[in-house]
Amino acid sequence: MVSKKPVELPATVDGAVRLMLGLVPEDEQARIAYMSENELSELHMGLGQWVRNHMGLWGNNTALMAATGEDNADDASAVIVKAFRDELRRALPKVH
């Protein structure tokens, strides 16, 4: 019998962002980095849904929910997606 090690869910927004950096393809990261605050809502049913479903925001990851400061999974995933976008922007080359 094969035993599966339980996947450790991120407990912080930073941890969620680090996980996403390793999973989201680079071309998609580049697109997200240049999105405005308003455009981030376009990610609600794609990346946001993935965050909600796979990072335990529907109930079993209370630590991550608390870290977002939000009371529901939709708003919590929006906080995480925005933090992801902000981290991607920090990595962009600075043009002077």
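Going by the structure above, here's the rest.
These remarks concern the structure in this document. Numbering of residues starts from 1 in each chain and follows the order in which that chain's sequence is written. With the structure being a predicted model, the display of local features is reserved for residues of pLDDT at least 70 and the display and counting of side-chain atom pairs for 80 or more, all residues being used for whole-chain, interface and lining totals. Side-chain measures were taken over the full set of non-hydrogen atoms in the model, leaving aside hydrogen atoms and water.

1. Section: a nonpolar patch on the surface
Nonpolar side chains (Val, Leu, Ile, Met, Phe, Trp, Tyr) within 5 Å and like charges within 9 Å form the patches, drawn only from residues with over 30% relative accessible area and no salt bridge. Exposure was quantified through the Shrake-Rupley algorithm and a 1.4 Å probe, taking into account, for residues, occlusion by the shown protein chains and nothing else. The working definition used for a salt bridge is a side-chain nitrogen of Lys or Arg within 4 Å of a carboxyl oxygen of Asp or Glu. A cluster of nonpolar side chains, namely Leu-19, Leu-23 and Trp-50, defines an oily patch on the protein surface of about 260 Å² accessible area. Locating Leu-19 in the fold gives a position in helix H1 (residues 13-23). Three exposure classes are used, based on accessible area relative to the maximum for each residue type with a 1.4 Å probe and protein chains only: buried under 20%, partly exposed in between, and exposed over 50%. The exposure class assigned to Leu-19 is partly exposed, which follows from its relative accessible area of 35%. Strands are runs of DSSP state E lasting at least 2 residues, helices are runs of H or I lasting at least 4, and numbering of each runs from the N terminus.

2. Section: the environment of His-44
With respect to the helices and strands, the residue His-44 is situated in the loop between helix H2 (26-33) and helix H3 (47-54). When residues no more than four places from it in sequence are discounted, the contact partners of His-44 are Gln-49, Arg-52 and Asp-74. What makes two residues a contact is simply this: any of their non-hydrogen atoms within 4.5 Å.

3. Observations concerning the side chain of Arg-85
Its place among the elements puts Arg-85 in helix H5 (residues 73-90). We call two N or O atoms a polar contact when they sit within 3.5 Å, provided that within protein one can donate a hydrogen and the other can accept it, with sequence-adjacent residues counted only if both atoms are side-chain atoms. A distance of 2.8 Å separates a polar side-chain atom of Arg-85 from the backbone oxygen of Met-35. In this structure, Arg-85 is in contact with Ile-32, Ala-33, Met-35, Ser-36, Glu-37 and Leu-40, ignoring residues within four places of it in sequence.

4. Side note on the packing of H2 against H5
Following both chains from N to C, one finds H2 and H5 inclined at 95 degrees, their axes separated by 8 Å at the closest point. Considering the angle they form, H2 stands roughly perpendicular to H5. Counted together, Gln-29, Ile-32 and Ala-33 of H2 and Phe-84, Arg-85, Leu-88 and Arg-89 of H5 form the full contact between these two elements. Split into classes, the residues belonging to the contact of H2 with H5 amount to four nonpolar, one polar and two charged. For helices, the fitted line uses only the C-alpha atoms of the stretch in contact; every axis is such a line through C-alpha atoms, and the angle between N-to-C directions lies from 0 to 180 degrees. Just so you know how the angles are binned, under 35 degrees is roughly parallel, over 145 roughly antiparallel, 65 to 115 roughly perpendicular, and the rest oblique. In this count, Pro and Cys sit with the nonpolar residues alongside Ala, Val, Leu, Ile, Met, Phe, Trp and Tyr, while Asp, Glu, Lys and Arg are called charged and the others, Gly among them, polar.

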